[in-house]
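# Structure at a glance
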Amino acid sequence: MKLGRMLEAPLDLSHHDGDEETRVQHRKSRWAWIAAIVVLAGAAGAYGWQTNRWVLATGRVVIDRAAVNSILRGRIVAIDVKEGDRVDLGQVLVRLEDEEAAAATRRGEAILEQAKERSRASVEAGLDPQAGSRVRAAELERDLALERQKGASARREAAVVALKDAGETRERMERLYLVKATTRTEWDAARALERSARAALGTAEADLSQAAKEVEGREALLELAEAGLEFARRNHEAEVLCCREEVRRAQAEVEACRERQAQMEVRAPSAGAVAWMPRRVGEVVDDDDPLLALAGDGPAWVEAYVSGEDLGRLKEGAEAWVEVDGAEGSPFHARIAFIQPTAWTPGQVLRVGPERAIAASELPLMPHAVKVLFNGAPPGGLRPESVVRVKISRR
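Residues numbered from 1 in each chain as written. Predicted model: local features only at pLDDT ≥ 70, side-chain atom pairs only at ≥ 80, totals over all residues. Heavy atoms only, no water.

Structurally, Gly167 can be placed in helix 4 (residues 129–178). When its relative accessible area of 10% is taken as the criterion, Gly167 is described as buried. As for Gly167 and Ala190, which are separated by 23 residues in sequence, their C-alpha atoms are 8.1 Å apart. (Helix = DSSP H or I, 4+ residues; strand = E, 2+ residues; numbered from the N terminus. Buried < 20%, exposed > 50% of the residue type's maximum accessible area, 1.4 Å probe, protein only.)

For the rest of this paragraph, the subject is the pairing of strand 5 (residues 92–97). Two faces, one strand: in a regular strand the side chains alternate between the faces of the sheet. Summarising the sheet, strand 3 (residues 74–79) and strand 5 pair through four bridges and their orientation is antiparallel. Residue pairing across strands places Ile79 opposite Val94, the latter belonging to strand 5. Where strand 5 meets strand 6 (residues 265–267), three bridges bridge the pair, whose relative direction is antiparallel. The residue bridging Arg95 from the neighbouring strand is Glu265, located in strand 6. (Pairing = 2+ DSSP bridges.)

This part is about unusual backbone geometry. Between Ser330 and Pro331 the backbone carries a cis peptide bond, its omega angle lying at 0°. Note that Pro331 resides in the loop between strand 11 (319–323) and strand 12 (332–339). Positive phi, normally seen in glycine, also occurs at Lys180, with a value near 65°. Mapped onto the elements of the fold, Lys180 is located in the loop between helix 4 and helix 5 (184–262). On the basis of relative accessible area, Lys180 is assigned to the exposed category, the value being 70%. A positive phi angle, near 70°, is found at Asp288, a position not held by glycine. Checked against the element boundaries, Asp288 lands in the loop between strand 8 (284–285) and strand 9 (290–295).

In this section: the environment of Leu208. Assignment of secondary structure puts Leu208 in helix 5. Once the C-alpha coordinates of Leu208 and Gly151 are considered, the two residues, 57 residues apart in sequence, prove to be 8.1 Å apart. Excluding residues within four positions of it along the chain, Leu208 makes contact with Gln149, Ala152, Ser153 and Arg156. (Contact = heavy atoms within 4.5 Å.)

To continue, consider a negative patch on the surface. A grouping of Glu139, Glu216, Glu219, Glu223 and Glu226 is seen on the molecular surface, where their side chains present a negatively charged patch. Here the negative patch takes four residues from helix 5, the largest share from any one element. (Patch = residues over 30% accessible without salt bridge, like charges linked within 9 Å, V, L, I, M, F, W, Y side chains within 5 Å. Areas by Shrake-Rupley, 256 points an atom, 1.4 Å probe, with all protein chains shown as cover. Salt bridge = Lys/Arg side-chain N within 4 Å of Asp/Glu carboxyl O. Lys, Arg positive; Asp, Glu negative; His and termini not counted. Charge placed at Lys NZ, Arg CZ, Asp CG, Glu CD.)

Taking 1.5 Å per residue, 27 residues should reach 39 Å; helix 3 (residues 99–125) reaches 39 Å between its end C-alpha atoms and fits that length. For helix 3, the full list of buried residues reads Ala101, Ala102, Thr105, Gly108, Leu112, Ala115, Ser119 and Ser122. Considering only its buried residues, helix 3 is in contact with helix 5. At the exit of helix 3 stands Gly126, carrying a positive phi of roughly 65°. (Expected span 1.5 Å × (residues − 1).)

Turning next to the packing of aromatic side chains. If you walk through the whole model with that rule in mind, you get two aromatic pairs. Plain terms: the ring middles of Tyr177 and Trp187 are 4.8 Å apart, the flat faces sit at 20° to each other, and that makes the pair stacked. Within this pair, whereas Tyr177 is found in helix 4, its partner Trp187 is found in helix 5, the two being separated by 10 residues in sequence. An angle of 80° between the planes, with centres 6.3 Å apart, marks the rings of Phe332 and Phe374 as edge-to-face. In this pair, Phe332 is assigned in strand 12 and Phe374 in strand 15 (residues 367–374), connecting sequence segments 42 residues apart. (Phe/Tyr/Trp six-rings, centres within 6.5 Å; stacked < 30°, edge-to-face > 60°.)

Where helix 3 contacts helix 5, the two axes come as close as 8 Å, and the packing angle between them is 160°. Of the possible angle classes, the one that applies to helix 3 and helix 5 is roughly antiparallel. Handedness of the crossing formed by helix 3 with helix 5: left-handed. Residue classes in the contact of helix 3 with helix 5 are distributed as 13 nonpolar, seven polar and eight charged. (Axes fitted to C-alpha atoms, helices over the stretch in contact; angles between N-to-C directions. Parallel < 35°, antiparallel > 145°, perpendicular 65-115°, else oblique. Left-handed = near helix turned anticlockwise from the far one by under 90°. Nonpolar A, V, L, I, M, F, W, Y, C, P; charged D, E, K, R; others polar.)

Okay, the sheet that holds strand 3 next. Taken in spatial order, the four strands of this open sheet run 6-5-3-8, and their pairing is antiparallel. With partners counted over all chains shown, the strands left at the sheet margins are strand 6 and strand 8, one partner each. As judged from the two bridges shared by strand 3 and strand 8, these two strands associate in the antiparallel manner. Paired with Gly74 across the bridge in strand 8 is Val285.

A few words on the sheet that holds strand 4 (residues 86–87). Strand order in the open sheet made by the four strands is 2-9-7-4, with antiparallel pairing throughout. A strand with exactly one partner marks an edge of an open sheet, and here the two such strands are strand 2 (65–69) and strand 4. As judged from the five bridges shared by strand 2 and strand 9, these two strands associate in the antiparallel manner. If you follow Arg65 over to strand 9, its bridge partner there is Ala295.

As structure tokens, then:
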């Protein structure tokens, strides 16, 4: 007010009568004050207009991420990537080591080699050679017995013929003796010959019976030898199958161990960028422990957090600017894509980074989430969960 009155009051130039230069200087001073006041008033109005037009908020960068966990327990011996690296599908990310798994693989490989050697030896050995020899010997003895039986049968047939001839001779001599056509001596000789032929037939029949029994015994021995050979064959086949099964089991065990060893190399499940790498070489991780996170190739966006008081001043499609520390071209032009109508409840957690979280109950105001999309392609180098500043246009 004093300044205003000073500017409104006329300048007293009576004591400078006749001094034109002094009057000009006072006139210039007055106009300088007026210009300063106009500039200050304009700056104050512009600041107030800017403050009323924008809602300032903090947000986080959101990119679709896939967690990569450890499948097995082990010690990290190598990390082949770092945060921000692009990776391809199947690329090795982290290498683990487990001495017990490595020792199990070596034991399995040794057992497999032993099983293969036993299997080869079993196949090369073939059947029991003695079993085959016993069959061949039994066949030979049976054949000899058949030959003897054949000889005994021929001798019996000859004895039957001889007995028949001797009987006929004895009958003829007996008739001749009765008619006195021959002597008693010749008749007695014919009778003795018949008795001898009958005795020879008895001997031949006994030999034939003995030969038949021998053949029967030899055939029984041959059957036993053949049964032994069949048993040896089946036993050999069973041994071969057992060895092959042992090889198969050993191979399966080795393959399982090698698969376990292969799982010690953690590979990328998809292409993307390493968004989070909290692990260090030498750490021991259990199965299903998180190792890192991969950001997919989907577009990045920002989740900004505003209070309920400011929520009513925003609308979808409103202009926004996103400021990213260290990013070339920041701030970036954006727009509101979605406004979360409900706030976080006290039991929920608000994420402010990959390892930081704030309980909603700890915040002075319940935040509302606002989805902010970049106009055009998202800027390069954005990392998931990084904190950004957002300026959103009011209604």
